[in-house]
Amino acid sequence: MKNIFKNNISLVLVKNNILILFIGLFLITSCQVRKTEESNEEEKPENEVALTVSQFKTVGIETGLLENRNLNKIIKANGYTTVPPQNSAEVATLIGGTVKDILVLEGTYVNKGKVLATIQNLEVIEMQEDYHSASANIEYLQLEYNRQKTLSDENVNPRKIFQEVKAKLAAERARAQSAKNKLDALHVTTKGSSSLVPIVAPINGYVGKINIAKGAFAETGVTLFEVVDNSQMHLDLNVYEKDLGSISVGQVIDFVLTNQSNKSIKGKIFGINKSFSNESKTVAVHAKIDPADAKGLIPGMYVSANINITNATVPALPKDAIVRNGDKYFVYIQEGNHQQNKTEAKAKEEEHNEIHFKAIEVIPGTTDLGFTEVKFVDPIPSDAKIVFKGAFYLLSAIKGGGEHEH
């Protein structure tokens, strides 16, 4: 009986030892698997993301190949509308006087020579009298000159008398011409006698600000009216020093009004300043606007312009394929397209039912017609499948830290 009892106890101890050993091995294996999984999780690159086939279809991911496209290279510039100096006038008077009448309103279109207002000054009457007096003396002295010249030629009168008449005639002619020049400058007629001085428009255009009032005294040298001809409207654009080498006369620009960006207007560069305009190291570039497109524009409107530099064939992608993360730009390529390990990668995707994408850094360039020029920081295979649609979703997935189930 004692031997049987001892044998049973030994058998139980052996079974317990085997059980403890099995449990120990299981725990060791579990820890190793856990560490391996944790290690794999830690080694997962931050620039990669995986989607299940279902997620891929739901998001609507679309891929394509990098292509060369004919894009316009542009330089962006800001500026404002303006008119040439000869198309803008500040109207003043050459003689002071009391404002008698104002004949126009602000915003009125006037032709050159149109009377804008009249002022009254009694000195004008004196100028007219001087002209009339000199003209009458000229008429008399001309007759006397002719008579004395005949007598002098016949040696009847001394030549000295003829010379005196000749000098008086010249002096009166000069006095009459001086009075006429003054009256012409004031736009006052030499006929009749009036104290009114008309203030006339020097150019065709629209009346701007009116700085006088009826009954007030208009002083010389003070702007009374502003007249602007908008038919020759052009742009003054501020171009930075780094872009000057690409700017030349004749280049076409497209611009929109800052506060009315729904309409694009074309122009052409006709002049480039040769000095910096301010401390921002910009140079003024002048561009003409077609008169038909200049309708409705007024000086001082702010604009945003694209200066079209060249038309070149460059690698380009749809602009939605490029996403920004911080201060860098990326596109996504579908992994598994590399020739090496292609079978292994495909098998892994099929095994886990996932599609993997990798972020690739790029440097964006010109954007035109919905496509953006790209330069890859590191080369990619020519057959790389690039995400055209859904790139922003992939960026969000990476930022979200694995919001997808694997």
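This structure is a prediction, so every number in the text was calculated from the model and none was measured. (Residues numbered from 1 in each chain as written. Predicted model: local features only at pLDDT ≥ 70, side-chain atom pairs only at ≥ 80, totals over all residues. Heavy atoms only, no water.)

Draft legend 1. Molecular detail of the confidence of the model for the protein. Per-residue pLDDT for the protein averages 81, and the proportion of residues at 70 or more is 82%. Considering each helix and strand of the protein separately, the mean pLDDT is smallest for helix H1 (residues 2–42), with a value of 49, and largest for strand E7 (residues 115–120), with 95. The model gives residues 1–9 a pLDDT under 50, and that stretch makes 0 contacts with residues more than four places away or in other chains. (pLDDT = per-residue confidence, 0-100. Helix = DSSP H or I, 4+ residues; strand = E, 2+ residues; numbered from the N terminus. Contact = heavy atoms within 4.5 Å.)

Draft legend 2. Local environment of the sheet that holds strand E5 (residues 97–102). Taken together, the 4 strands give an open sheet; going across it, the order is E8-E7-E5-E10, and neighbouring strands pair in antiparallel fashion. Looking at which strands have only one partner, the edges of the open sheet turn out to be strand E8 (196–200) and strand E10 (217–218). In this structure, E5 lies alongside E10, joined through 2 bridges in antiparallel fashion. Looking at E10, one finds that Thr 98 is bridged to Phe 217. (Pairing = 2+ DSSP bridges.)

Draft legend 3. Molecular detail of the sheet that holds strand E6 (residues 109–110). Pairing in this open sheet of 4 strands is antiparallel, and the strands run E4-E11-E9-E6 from one edge to the other. In this open sheet, the two strands that pair with only one neighbour each are strand E4 (88–91) and E6. Note: E6 against strand E9 (residues 205–210), 2 bridges, orientation antiparallel. What sits directly across from Val 110, in E9, is Gly 205.

Draft legend 4. Local environment of the side chain of Thr 372. Mapped onto the elements of the fold, Thr 372 is located in strand E20 (residues 371–376). Its relative accessible area of 5% is what places Thr 372 among the buried residues. Of note is the side chain of Thr 372, whose polar atom sits 2.8 Å from the side chain of Thr 367. The contacts of Thr 372, once residues within four sequence positions are left out, are Leu 71, Pro 315, Ala 316, Leu 317, Lys 319, Ile 322, Pro 364, Gly 365, Thr 366 and Thr 367. (Buried < 20%, exposed > 50% of the residue type's maximum accessible area, 1.4 Å probe, protein only. Polar contact = N/O pair within 3.5 Å; in protein donor to acceptor, adjacent residues only side chain to side chain.)

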